[in-house]
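# Structural characterization, general
Each chain, written out:
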There are 2 protein chains.
Amino acid sequence: MRISKLISKPEKQAPADTDSINAKLLLQANYVRMEMAGVYSWLPLGLRVLNKVQNIIRHELDAIGAQEILMPALQPKENWETSGRWNTVDVLFKVPSQTGREYALGPTHEEIVTPLVGSYIHSYKDLPVSVYQIQTKYRDELRAKSGILRGREFGMKDMYSFHADREDFEKYYELVKQTYLKIFIRLGLDAKVVEASGGSFTKKYSHEFQVITPAGEDKIIACEACTFAQNSEISEYKEGDKCPNCGKKLKDVKGIEIANIFDLGGKFTDAFKVNYTDAEGKQNPVVMGCYGIGTTRLVGAITEVHNDAKGLSWPLSVAPFHVHLVSLNAKGADEVARVYDAAEALYNDLLDQGIEVIWDDREGLSAGEKFSTADLLGIPLRLVVSTKTLDQNSIEFKQRNSDENELIQMDDVIDSIKEFTKY
Amino acid sequence: MRISKLISKPEKQAPADTDSINAKLLLQANYVRMEMAGVYSWLPLGLRVLNKVQNIIRHELDAIGAQEILMPALQPKENWETSGRWNTVDVLFKVPSQTGREYALGPTHEEIVTPLVGSYIHSYKDLPVSVYQIQTKYRDELRAKSGILRGREFGMKDMYSFHADREDFEKYYELVKQTYLKIFIRLGLDAKVVEASGGSFTKKYSHEFQVITPAGEDKIIACEACTFAQNSEISEYKEGDKCPNCGKKLKDVKGIEIANIFDLGGKFTDAFKVNYTDAEGKQNPVVMGCYGIGTTRLVGAITEVHNDAKGLSWPLSVAPFHVHLVSLNAKGADEVARVYDAAEALYNDLLDQGIEVIWDDREGLSAGEKFSTADLLGIPLRLVVSTKTLDQNSIEFKQRNSDENELIQMDDVIDSIKEFTKY
């Protein structure tokens, strides 16, 4: 990708009235555009990040045998009446139609997935099953806030599992918990498993995955030594108390909730009459769990954690590109052409090698302006071609999260990049 | 994928009350599930087809320099008032909110993309630009019909281009037309370019891409010899007239509209005040075009064209899998195990080779039942392992759209598949 061709070039100034670091940086870098409060468009660079986040999730869920499907956002009112939630979910958008019917605009998909999977469950041989989708959700929030963290339209991965008994469910619940932690490590996030209430779903236990950061809007009470952590809403403990687990001190922290997992028990399978026949021919209730990850929210959480005063700094796994190539302005038409041609040759070499590269090929910008753009966009590796480097048949090689700037020989560039990007 | 594990196994019986071949076959094969009229869930096999269709489109549009973005379905009422369409688009879903605001649920995205791209257009150097998205659209249809061909929620690729003058626009319009034809050939569709009215968008010319089939709901008058074709709604000609282009005979045919392209002129760029500064510093209006492809509808159109009395028959490019492996039932536990083990070894070999394979590993089904399933699912290549083939150290190799059934040596299987799937 040449920045000169990019439809949405990074802005020189940060937007004035943002309420969060993620909004400020993602808007200034033009990864996203705000259409109205809580509703964003994803621009070319932002969409690349979002797709990488989604593909990492997909890869790990496929590996535990979950099957991907895609359910609609427009949902029949009847299904929400069956579950009893048509009038109890306060953020439910209700859509009137010229047919006289009313639809729900799904904030979640239990009302669709339960009868869907239920229609394929006949006997114990059909269990367990687990399905997921990566899809767009809607919440009629009174106040949207915190940039892309709390939106009215947002991306989510929601997974639902169905089991013959509680033992099988609990084994899977634990497997998903471990899989989620693996996903977040790949995304460059250190997530804490936090005990939480069941919310509107269940009175049984649930867990949240929280990224601990002052930018978070959730209050957590966490042990300074062990993994114990509870959402303050449900905790009996307060800062300074002894950890019930290890006896060390508890403290108040803030977190961004990036995922949650719920034991739904029979709440939805009972409502939609989803049963199975066991080996003895007896009808039994199906046990269900649900497991969400906020995909667009994850991009916001990664932004909140991976940035500095100069801009974004993406983990390699989700960076929109791996290499940010900069060709510097030079004096005189011959030198300008020499630098441009060398950069273009290198750019084409990198593309041929399958290396994901963005090239700041714009004319008339100063070195300072191009370096600021590189820092703002946050691509992990920056390469600079200039008159000075070409005189030494070399190139400047700098990692975004390091101050070290080394000159490497032109012939070694590809090897050095491949050494850096292997992960 | 093992069919024994598939959440949504193919049904033995076709559904009773379908209004189209695509609904009948896609529902029986469990590629999709109907949630309500005009609203479908995509099940694992169907989603694989849809993703392949989308990726072929993506690949060809990226190749002509269009940039992928993702815009929201929930859109501000104000934008629709600016364009003057809030009260003129009869299929527009209007969503009330507890904030007191109203939103549109986008049936199209001119109201979002015009100010979006407009905010990045300053001078002639920023033109031309072209952006596209693959996204979900909503239409409040009085009657949804024809299976997944006309839905209330459906997938679309919509692209929008912006130009400094009409000459540049017309060049791009022609390029998109050729690119679309290339896409449809890759999808196994022979599409006809049909002249049509501008609909609610424009009074200028537009073109539809129609797949000619009796299942179509559009009436077309087309030349039996040359490429001349007009939508009957705008045509002055009738069946039997002479073609104005070549003089041969015109006839009435029916088509499924899978795409359309529009000259929008200044309709939206005027409304949203999108101008650019030319080389002389003068302000000029921006010329705009839009280009749609129905992605979910394409799956329906492919289904209507590629089927026979036994079921689906996917083109290789969009088939959910390339190989359908069948292990037949045998007599006696030893023989059953021998066939199963040989099939499993072959299945793992194919996976190791990166071959997309689905294996009907179910127990207790007859050869007839498994062959019917294979015909219904429509995977291009069927391999059969049985006691009989194993005795000859071979395997049965049959193409879905051929009656020929050949025995090939086990050692040659991989090479034969690779020979078949190279395209």
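Below or above, wherever it landed, is the structure these notes cover.

Thresholds applied
- Along each chain, numbering runs from 1 in the same order as the chain's sequence is written.
- Chain letters and ligand numbers both follow the written order, the letters beginning at A and the numbers at 1.
- Confidence filtering applies because this is a predicted model: local features only for residues at pLDDT of at least 70, side-chain atom pairs given and counted only at 80 or more, and all residues used for totals across whole chains, interfaces and linings.
- Secondary structure elements follow DSSP: runs of H or I no shorter than four residues count as helices, runs of E no shorter than two count as strands, and numbering proceeds from the N terminus.
- Exposed residues have 12 or fewer other C-beta atoms within 10 Å of their own C-beta, buried residues have 20 or more, and partly exposed residues fall in between, where C-beta atoms are placed from the backbone.
- By the criterion used throughout, residues are in contact when their C-beta atoms, derived from the backbone, lie within 7 Å.
- Paired strands, as defined in this entry, are two strands with at least two bridges between them according to DSSP.
- What counts as an axis is a line fitted to C-alpha atoms, over the stretch in contact for a helix, and the angles between N-to-C directions run from 0 to 180 degrees.
- Buried Ala, Val, Leu, Ile, Met, Phe, Trp, Tyr and Cys residues form a nonpolar core when they are connected through C-beta atoms within 7 Å.
- For classification purposes, angles smaller than 35 degrees are called roughly parallel, those larger than 145 roughly antiparallel, those between 65 and 115 roughly perpendicular, and all remaining angles oblique.
- Here the nonpolar group is Ala, Val, Leu, Ile, Met, Phe, Trp, Tyr, Cys and Pro; Asp, Glu, Lys and Arg are the charged ones; every other residue, Gly included, is treated as polar.
- Every helix has an expected span of 1.5 Å times one less than the residues it contains.
- By arc we mean the arc of the directions from the helix axis to the C-beta atoms, nothing more.
- Least-squares superposition of the copies uses the C-alpha atoms of those residues scoring a pLDDT of at least 70 in each of them.

Take the overall build of chain A next. Helix and strand content of chain A: 11 helices and 23 strands. Expressed as a percentage of the 423 residues in chain A, the buried residues total 47%. Put simply, 68% of the contacts in chain A that link residues at least 6 apart link residues at least 24 apart.

All right, on to the interface of chain A and chain B then. Interfaces are often sized by the accessible area lost when the parts come together. Listed by partner, the interface residues are 40 residues for chain A and 40 residues for chain B. Elements with a contribution of two residues or more to the side of chain A that touches chain B: β1 (32–36), β2 (39–42), α2 (44–63), β3 (67–68), β4 (74–76), β5 (93–96), α4 (110–118) and β7 (129–138) of chain A.

Moving on to the sheet that holds strand β4 (residues 74–76) of chain B. All names here are of chain B. Spatially, β4-β6-β5 is the arrangement adopted by the three strands of the open sheet, whose pairing is antiparallel. In this open sheet, the two edge strands, each paired with only one partner strand, are β4 and β5 (93–96). This sheet shows a mean twist of 45° between the axes of neighbouring strands, independent of strand direction. Relative to strand β6 (residues 102–105), β4 is paired through three bridges, and the arrangement is antiparallel. Looking across to β6, one finds that L74 is bridged to L105.

Turning to the nonpolar core, a few remarks are in order. Residues I258 of chain A together with I258 of chain B are the most contacted members of the largest nonpolar core, which totals 219 residues. If we skip the residues at most four places from it in the chain, I258 of chain A touches L189, A191, F209, V211, I293, G294, R297, L298 and A301 of chain A.

Turning to the packing of helix α1 (residues 21–28) of chain A against helix α7 (residues 295–305) of chain A, a few remarks are in order. Residue and element names in this part refer to chain A. Packing of α1 against α7 brings their axes to within 9 Å, and their N-to-C directions diverge by 95°. For the element pair α1 / α7, the angle class is roughly perpendicular. Contacts from I21, N22, L25 and L26 in α1 reach G300, T303 and E304 in α7. When its residues are assigned to classes, the contact of α1 with α7 shows three nonpolar, three polar and one charged.

The end-to-end C-alpha separation of α2 of chain A is 29 Å, in line with the 28 Å expected for 20 residues at 1.5 Å each. All of the buried residues in α2 of chain A are P44, L45, G46, R48, V49, L50, K52, V53, I57 and L61 of chain A.

If you check which residues of helix α9 (residues 367–377) of chain A are buried, you get K370, T373, A374 and L377 of chain A. One face of α9 of chain A carries all of its buried residues, which in axial projection span an arc of 100°.

On to the relation of the copies chain A and chain B. Each copy superposes on the other: chain A lies on chain B with an RMSD of 0.0 Å after a rotation of 180° and an axial shift of 0.0 Å. Taken together, the rotation and translation describe the operation of a two-fold axis. If distances are taken from each C-alpha of chain A to the rotation axis, the shortest is found for V95 of chain A, at 2.6 Å. A shared binding surface is used by both copies, with 100% of the interface residues of chain A retained as interface residues in chain B.

As a further point, take the pairing of strand β13 (residues 250–265) of chain A. Residue and element names in this part refer to chain A. The buried fraction of β13 amounts to 12 of the 16 residues, a majority that puts the element mostly inside the structure. Examined bridge by bridge, strand β10 (residues 206–212) and β13 share seven bridges and lie antiparallel to one another. Pairing of Q210 across the sheet is with E257, part of β13. As judged from the six bridges shared by strand β11 (residues 218–223) and β13, these two strands associate in the antiparallel manner. Bridging from a neighbouring strand, I220 pairs with V253 of β13. Pairing analysis gives six bridges linking β13 to strand β16 (residues 287–294), with the strands arranged antiparallel.

Here the focus is the pairing of β5 of chain B. All names here are of chain B. Only one face of β5 is buried: it carries F93 and V95, and the other face, with K94 and P96, is open. As paired strands, β5 and β6 are joined by four bridges and run antiparallel to one another. Counterpart to K94 in the pairing with β6 is A104. Where β5 folds back onto β6 in an antiparallel hairpin, the turn is made up of five residues, including G100, whose phi is positive at roughly 95°.

Attention now moves to the sheet that holds β5 of chain A. Residues and elements named next belong to chain A. Ordered in space as β4-β6-β5, the three strands form an open sheet in which the pairing is antiparallel. Single-partner strands in this sheet number two, and they are β4 and β5. Taken over all neighbouring pairs, the strand axes of this sheet differ in orientation by 45° on average, direction set aside.

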